[in-house]
Amino acid sequence: MELFVFISAIFLMIIAILLSGIKVDREYERGVIFRLGRLAGIYGPGLYWIIPFVDQKVKVDLRTKTVDIESQETVTSDSVTIRVNAVLYYRIIDPAKATIIVANYQFATYQIALTTLRNVIGQHLLDEVLRDRDKINSAVQEIVDEITNPWGLTVELVEMKDVEIPTAMQRAMAKEAEAVREKRSRLIKAEAEYDAARNLTMAAEMIATSPAALELRRMQMVTEVGIENNSTTVILMPSEFVTFAKDLGRAVGSPAVSSSTT
């Protein structure tokens, strides 16, 4: 009886040990199996069995991970100190390399992204950092992806979230923007005056070829003035008419003057 109980206990123990080797991984998980310290393969997803006490499993998540690059001070190529923070998205494409080659791929990726972002910004002017964010993001992504690719990782996206500029620099940039807007307004006004002068010159040349056109224009102006509810109407007369009237007045008045002197 005691022998039966002993055998049953051993049998149950063996079954429990065998069952302990059953593993289940989700669709986005993989199991990196080490057999007596050596890489035996990558298992999963789904149900599989490993040798208990012989195989060791390291679970790896293949989903895209997010690295929040904390705000840090960096100096642009034009010696302006700014604070920049960004976010990096990456995922594992080779679980074996991510487990064997680098000790902590999450921390290593964060440090690489932090250093690369600072170096890339240091190679650009402040205006380029504010204007060409996509270009800087692509440069950081390319460099980080090149470094982390041997680790079995791929960088999917790098985005700068915020750029903090010193207050004094903000005031200087506001003055510069105001000066640019004032320059643009003056140029537009000068162009308008140039167009107006050119059109007036063309109109004068056209009217000079036909004196009747000038008279029609004067009559049109009188008509336009008469449309308003004005009590006084100004009539424009040709300068030749005024000159003729003055000459006529002198001709009429000259005999009277000569007779009085006589």
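Note that this is a predicted model, so its numbers are computed, not measured. (Residues numbered from 1 in each chain as written. Predicted model: local features only at pLDDT ≥ 70, side-chain atom pairs only at ≥ 80, totals over all residues. Heavy atoms only, no water.)

A. Here's a closer look at the overall build of the protein chain. Along the backbone of the protein chain there are eight helices and eight strands. Only carbon and sulfur atoms are counted for the fraction: they give 60% of the accessible area of the protein chain, which is about 18300 Å². (Helix = DSSP H or I, 4+ residues; strand = E, 2+ residues; numbered from the N terminus. Areas by Shrake-Rupley, 256 points an atom, 1.4 Å probe, with all protein chains shown as cover.)

B. Quick peek at the sheet that holds strand β6 (residues 65-75). Read from one edge to the other, the open sheet built from three strands follows the order β6-β7-β8, with strand pairing classed as antiparallel. At either margin of the open sheet sits one strand with a lone partner, and together these are β6 and β8 (153-164). Neighbour to neighbour, the strand axes of the sheet diverge by 20° on average, direction disregarded. Both strand β7 (residues 81-92) and β8 contribute to a ladder of ten bridges, which runs antiparallel. (Pairing = 2+ DSSP bridges. Axes fitted to C-alpha atoms, helices over the stretch in contact; angles between N-to-C directions.)

C. Representation of the pattern of salt bridges. Under the criterion given, the structure shown has eleven salt bridges. Its salt-bridge partner being D61, residue R63 comes within 2.8 Å of it at the nearest N-O pair. Across the salt bridge formed by R131 and D132, the nearest N and O atoms sit 3.7 Å from each other. One connected set of salt bridges, linked through shared partners, spans R26, E29 and K59. (Salt bridge = Lys/Arg side-chain N within 4 Å of Asp/Glu carboxyl O.)

D. Inspection of the nonpolar core at higher detail. Grouped together as the largest cluster of nonpolar side chains are 34 residues, with contacts concentrated most on I69, I82, L88, L117 and I121. Elements supplying a minimum of two residues to this core: β2 (29-35), β6, β7, α3 (105-121), α4 (126-131), α5 (133-148) and β8. Sort the elements by how many residues they give to this core and α3 lands first, with eight residues. Not counting residues within four places of it along the chain, the set of residues in contact with I121 comprises T74, V75, T76, S77, I82, V84, V129, I136 and M160. (Core = buried A, V, L, I, M, F, W, Y, C linked by side-chain atoms within 4.5 Å. Buried < 20%, exposed > 50% of the residue type's maximum accessible area, 1.4 Å probe, protein only. Contact = heavy atoms within 4.5 Å.)

E. Looking closely at the packing of aromatic side chains. Enumeration over the complete set of coordinates arrives at one aromatic pair. Each ring, one from Y43 and one from Y48, has its centre 5.3 Å from the other, and the planes form 85°; the classification is edge-to-face. Here Y43 falls in the partly exposed class, since its relative accessible area comes to 24%. The class for Y48 is buried, based on a relative accessible area of 11%. R63 extends its terminal NZ or CZ atom over the ring of Y28, reaching a point 3.9 Å from the ring centre. (Phe/Tyr/Trp six-rings, centres within 6.5 Å; stacked < 30°, edge-to-face > 60°. Lys NZ or Arg CZ within 6 Å of the ring centre and 35° of its normal.)

F. The environment of L126, seen in detail. When you line up the elements, L126 lands in helix α4. For L126, a relative accessible area of 4% translates into the label buried.

G. Seen up close, unusual backbone geometry. Here G44 and P45 are connected by a cis peptide whose omega angle stands at 0°. Secondary-structure assignment places P45 in the loop between β3 (38-43) and β4 (46-49).

H. The arrangement of the packing of α3 against α5 in detail. Look at α3 against α5: their axes get within 9 Å of each other, and the N-to-C directions meet at 140°. The orientation of α3 relative to α5 falls into the category oblique. By crossing handedness, the relation of α3 to α5 is classed as right-handed. Between α3 and α5, the residues in contact are T109, I112, A113, T116, L117, V120 and I121 and I136, A139, V140, I143, V144, I147 and T148, respectively. In terms of residue class, the contact of α3 with α5 is built from eleven nonpolar, three polar and no charged. (Parallel < 35°, antiparallel > 145°, perpendicular 65-115°, else oblique. Left-handed = near helix turned anticlockwise from the far one by under 90°. Nonpolar A, V, L, I, M, F, W, Y, C, P; charged D, E, K, R; others polar.)

I. Structural view of the pairing of β3. Judged from the five bridges that link them, β2 and β3 form a sheet pairing that is antiparallel. Considered in β3, the bridge of I33 is made with G41. In textbook terms, the turn of a hairpin is the stretch between consecutive antiparallel strands, and for β2 and β3 this stretch comprises two residues, one of which, L36, has a positive phi near 55°.

J. Looking closely at the confidence of the model for the protein chain. Looking at the protein chain as a whole, its pLDDT mean stands at 82, while 81% of the residues score no less than 70. Across residues 256-262, where pLDDT falls below 50, the model places zero contacts with residues more than four positions away in sequence or in other chains. (pLDDT = per-residue confidence, 0-100.)

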